[in-house]
Amino acid sequence: MEMLVAIGDAYDSEKMVPITRAHAAASGQEGDLYWVELLAEGGAKCKVPTSTNPVYDFKYFHKTFKDIPKDEAEVARRVMEAYKKLGAIISWSCTPYLCENIPLRGETVAFSESSATPFVNSVIGAYTNREAAQSALAAGVIGRVPKYGLLIGENRKATFLLDVETKLTDEFDYTLLGYHVGKIVGYGIPALTGITSRPSTEELINFCAMSNTSGAISMFYIPGYTVEASTVKEAFHGDVPKEKATVTDRDLKRAQEELQTTSGKIDFVQLGCPHYTLKQIADVARRLEGEKVHEGVAFWVCTSATAKLLADRIGYTQIIEKAGARLVVDTCIDEPCWIAYKQKVGMTDSPKCAYYRRFKDVMVGRLEDCVEAALKGTWR
Ligand code: F3S
């Protein structure tokens, strides 16, 4: 409560308000361990449903790799134990708003994690500030947050108008768009025009994750497609946009080039940052059916436990594994379980994965490029 009140004081908040749910992005890091254990050992319990971010699948990775540093593994294990004591929803997923912890429009919540904050504000129309892992967990335990920022309607006004001239054809284009928008807008609320067809759930997830990684975008508008404004005028609450920019093909191309640190031979492919949805898993299975991943190349797909359960039932997992790739649950790309790849060259469809990379060099491309590279062992 002291922490939440201090945050409220810093933002001149006048009162605390109840929340209905929280998502705490604390994972296997030492600072997270300190906080989660402090609460658990003090006897705290989550008062509202509070979901948890990925750490890593302990049983699976310790069986697969022998060299995970013991001290880092111990931190991750203790964080996971402490969350259980707190009575959190141990979802270990970074897309909890799809299945394990879904707010409705108008709910006040406390969601941390890059894709989660802008997704619940913009796509669902719930109200959350850009919580830290620590403040979101405190809010989950107390069941209240200070009222400030995006919990107040007038602060949800767009601040930056972006005309998207370039044609967006798939999730990867939205990924690059998010990366570019985060960089040029920084801390504002962008309203995007020029998008002529409804973005898919996966496209929006990727836009959210990347814009809130290269920048700090907690909310955005695509008038007509996101819930709170059907026109640019509504998004700006009737004001005239002061800051404007155009997004061109060149901007997205430059974003992709900026993320590459190498080209040529690859050691592994890593997908699922943010966690892949069932639809994305189906796409990987379709592309890998009847194929074989190149000898010496590892192929990892990260997802949530719920999506994996369905992938097992439907048969996607078997197709993916038969091709020599692996579908893993509960795991973040920024965890010590990937130590085996520290000096290796990886390829991913996620700039966020490239940004936090725990490996030597990285290439970033579309899903079809990643699959092609995995089958050939190299990418141009
Ligand atoms: Fe999810 Fe970790 Fe990426 S939390 S978005 S897999 S950095």
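Anyway, here's the lowdown on the structure attached to this text. Along each chain, residues carry numbers from 1 onward, in the same order as the chain's sequence is written. Confidence filtering applies because this is a predicted model: local features only for residues at pLDDT of at least 70, side-chain atom pairs given and counted only at 80 or more, and all residues used for totals across whole chains, interfaces and linings. Side-chain measures here rest on the full set of heavy atoms in the structure, leaving out hydrogens and waters.

## With respect to the overall build of the protein
Point 1. Secondary structure assignment for the protein yields 15 helices and 15 strands.
Point 2. Taken against the 2.2 N^0.38 rule, which gives 21 Å for 380 residues, the C-alpha radius of gyration of the protein at 21 Å falls within 12% of a compact globule.
Point 3. Over its C-alpha atoms, taken along the principal directions, the protein stretches across nearly 60 × 55 × 35 Å.
Point 4. When burial is assessed residue by residue, the protein has 58% of its 380 residues classed as buried.
Point 5. For the protein, the exposed area adds up to about 16200 Å²; of that, 50% sits on carbon and sulfur atoms.
Point 6. Of the side-chain charges in the protein, 45 are positive and 49 negative, and the distance between the mean point of each set is 2 Å. Helix numbering and strand numbering both begin at the N terminus, where a helix is a DSSP run of H or I of at least 4 residues and a strand a DSSP run of E of at least 2. Each radius of gyration is computed over the set of C-alpha atoms, and the globule rule expresses the reference value as 2.2 Å times the number of residues to the power 0.38. Exposure categories follow from relative accessible area, calculated using a 1.4 Å probe and restricted to protein chains: below 20% of the type maximum is buried, above 50% is exposed, and the middle band is partly exposed. To measure how exposed things are, a 1.4 Å probe is used in the Shrake-Rupley method; for residues, cover is taken only from the protein chains shown. By the counting rule applied here, Lys and Arg register as positive and Asp and Glu as negative, while His and the ends of each chain are not counted. Working definition for charges: the position is that of NZ of Lys, CZ of Arg, CG of Asp or CD of Glu.

## Comments concerning the site of the ligand
Point 1. We call a residue near a given molecule or strand whenever any one of its heavy atoms falls within 4 Å of it. All residues in the neighbourhood of the ligand are listed as Asn 53, Pro 54, Cys 94, Glu 113, Cys 273, Pro 274, Cys 332, Ile 333, Lys 352 and Tyr 356.
Point 2. Class assignment of the residues belonging to the shell around the ligand gives a composition of 7 nonpolar, 1 polar and 2 charged. Only Asp, Glu, Lys and Arg are considered charged in this grouping, and only Ala, Val, Leu, Ile, Met, Phe, Trp, Tyr, Cys and Pro are considered nonpolar; every other residue, Gly among them, is considered polar.

## Observations regarding the packing of helix α2 (residues 30-41) against helix α4 (residues 70-85)
Point 1. Under this scheme, a helix contributes an axis fitted over its contacting stretch, all axes are lines through C-alpha atoms, and angles between N-to-C directions fall in the 0 to 180 degree range. Here α2 crosses α4 at 30 degrees, and the two axes come no closer than 9 Å. In terms of orientation, α2 and α4 fall into the roughly parallel class. As for the relative orientation of α2 and α4, their crossing is left-handed in sense. Residues Glu 30, Asp 32, Leu 33, Val 36, Glu 37 and Ala 40 of α2 pack against Val 75, Arg 78, Val 79, Ala 82, Tyr 83 and Lys 85 of α4. Our angle categories are set so that under 35 degrees counts as roughly parallel, over 145 as roughly antiparallel, 65 to 115 as roughly perpendicular, and the remainder as oblique. Working rule for handedness: look at the near helix, and if it is turned counterclockwise from the far one by less than a right angle, call the crossing left-handed; if clockwise, right-handed. Contacts were defined at the residue level, with two residues in contact if any of their heavy atoms lie within 4.5 Å.

## Brief notes about the nonpolar core
Point 1. Counting residues in each nonpolar core, the largest one holds 87 residues, and the members touching the most others are Phe 61, Tyr 83, Leu 86 and Leu 177.
Point 2. Leave out the neighbours within four places in its chain, and Phe 61 touches Tyr 56, Ile 68, Trp 300, Val 328, Thr 331, Cys 337 and Trp 338.
Point 3. One finds Ile 266, Tyr 276, Phe 299 and Ala 374 within the second-largest nonpolar core, a separate group that totals 27 residues. Nonpolar core, defined: a set of buried Ala, Val, Leu, Ile, Met, Phe, Trp, Tyr and Cys residues in which side-chain atoms within 4.5 Å join the residues together.

## Here's the deal with the packing of aromatic side chains
Where two aromatic rings form a pair, the distance of their centres and the angle of their planes describe that pair.
Point 1. In this analysis, rings of Phe, Tyr and Trp, with Trp reduced to its six-membered ring, are considered paired at centre separations within 6.5 Å, and the interplanar angle assigns stacked below 30 degrees, edge-to-face beyond 60, and tilted for intermediate values. Under the defined criterion, the tally for this structure stands at 17 aromatic pairs.
Point 2. Plain terms: the ring middles of Phe 65 and Trp 300 are 6.0 Å apart, the flat faces sit at 45 degrees to each other, and that makes the pair tilted. Placement of the pair is Phe 65 in the loop between α3 (58-64) and α4 and Trp 300 in strand β11 (residues 298-303), with a sequence separation of 235 residues.
Point 3. Exposure remark for Trp 300: the relative accessible area of 0% places this residue in the buried category.
Point 4. On the basis of an interplanar angle of 20 degrees and a centroid distance of 4.2 Å, the ring pair of Tyr 97 and Phe 119 is categorised as stacked. Remark: Phe 119 occurs in helix α5 (residues 116-124) and Tyr 97 occurs in the loop between α4 and β4 (110-111); sequence separation between them is 22 residues.

## So, the sheet that holds β4
Point 1. Sheet architecture is open: 3 strands sit in the order β3-β2-β4, paired in parallel fashion. The sheet terminates laterally at β3 (50-52) and β4, the two strands that pair on one side only.
Point 2. Pairing of strand β2 (residues 22-24) with β3, which is carried by 3 bridges, proceeds in the parallel orientation. Considered in β3, the bridge of His 23 is made with Ser 51.
Point 3. Contacts between helix α6 (residues 133-142) and the sheet are confined to β2, β3 and β4, with β2 contributing the most and set at about 140 degrees to the helix. Any two strands between which DSSP finds at least two bridges are classified as paired.

## Topic: the side chain of Ser 114
Point 1. Looking at the element boundaries, Ser 114 is found in the loop between β4 and α5.
Point 2. Whenever a nitrogen or oxygen atom comes within 3.5 Å of another N or O atom, the pair is scored as a polar contact, on the condition that within protein one atom can donate a hydrogen and the other can accept it, and that pairs from neighbouring residues in sequence are kept only if both atoms are in side chains. Reaching out from Ser 114, the side chain makes a polar contact with the side chain of Lys 352 at a distance of 2.8 Å.
Point 3. Look past the residues within four positions of Ser 114 in its chain and what remains in contact with it is Cys 208, Ala 209, Asn 212, Thr 213 and Lys 352.

## Remarks on unusual backbone geometry
A negative phi angle is the norm for most residues apart from glycine, just as the trans form is the norm for most peptide bonds.
Point 1. Across the junction of Cys 273 and Pro 274, the peptide omega takes the value 0 degrees, indicating a cis bond.
Point 2. Note that Pro 274 resides in strand β10 (residues 268-276).
Point 3. Even without glycine at this site, Asp 330 takes up a positive phi of about 65 degrees.
Point 4. Note that Asp 330 resides in the loop between β12 (326-329) and β13 (345-348).
Point 5. The class of Asp 330 is buried, set by a relative accessible area of 15%.

## Side note on the side chain of Asn 101
Point 1. With respect to the element layout, Asn 101 can be found in the loop between α4 and β4.
Point 2. Separated by 2.8 Å, the side chain of Asn 101 and the backbone oxygen of Ala 22 make a polar contact.
Point 3. Discounting chain neighbours no more than four positions away, the residues touching Asn 101 are Arg 21, Ala 22, Pro 49, Thr 50, Ser 51, Ile 89, Pro 96 and Phe 111.

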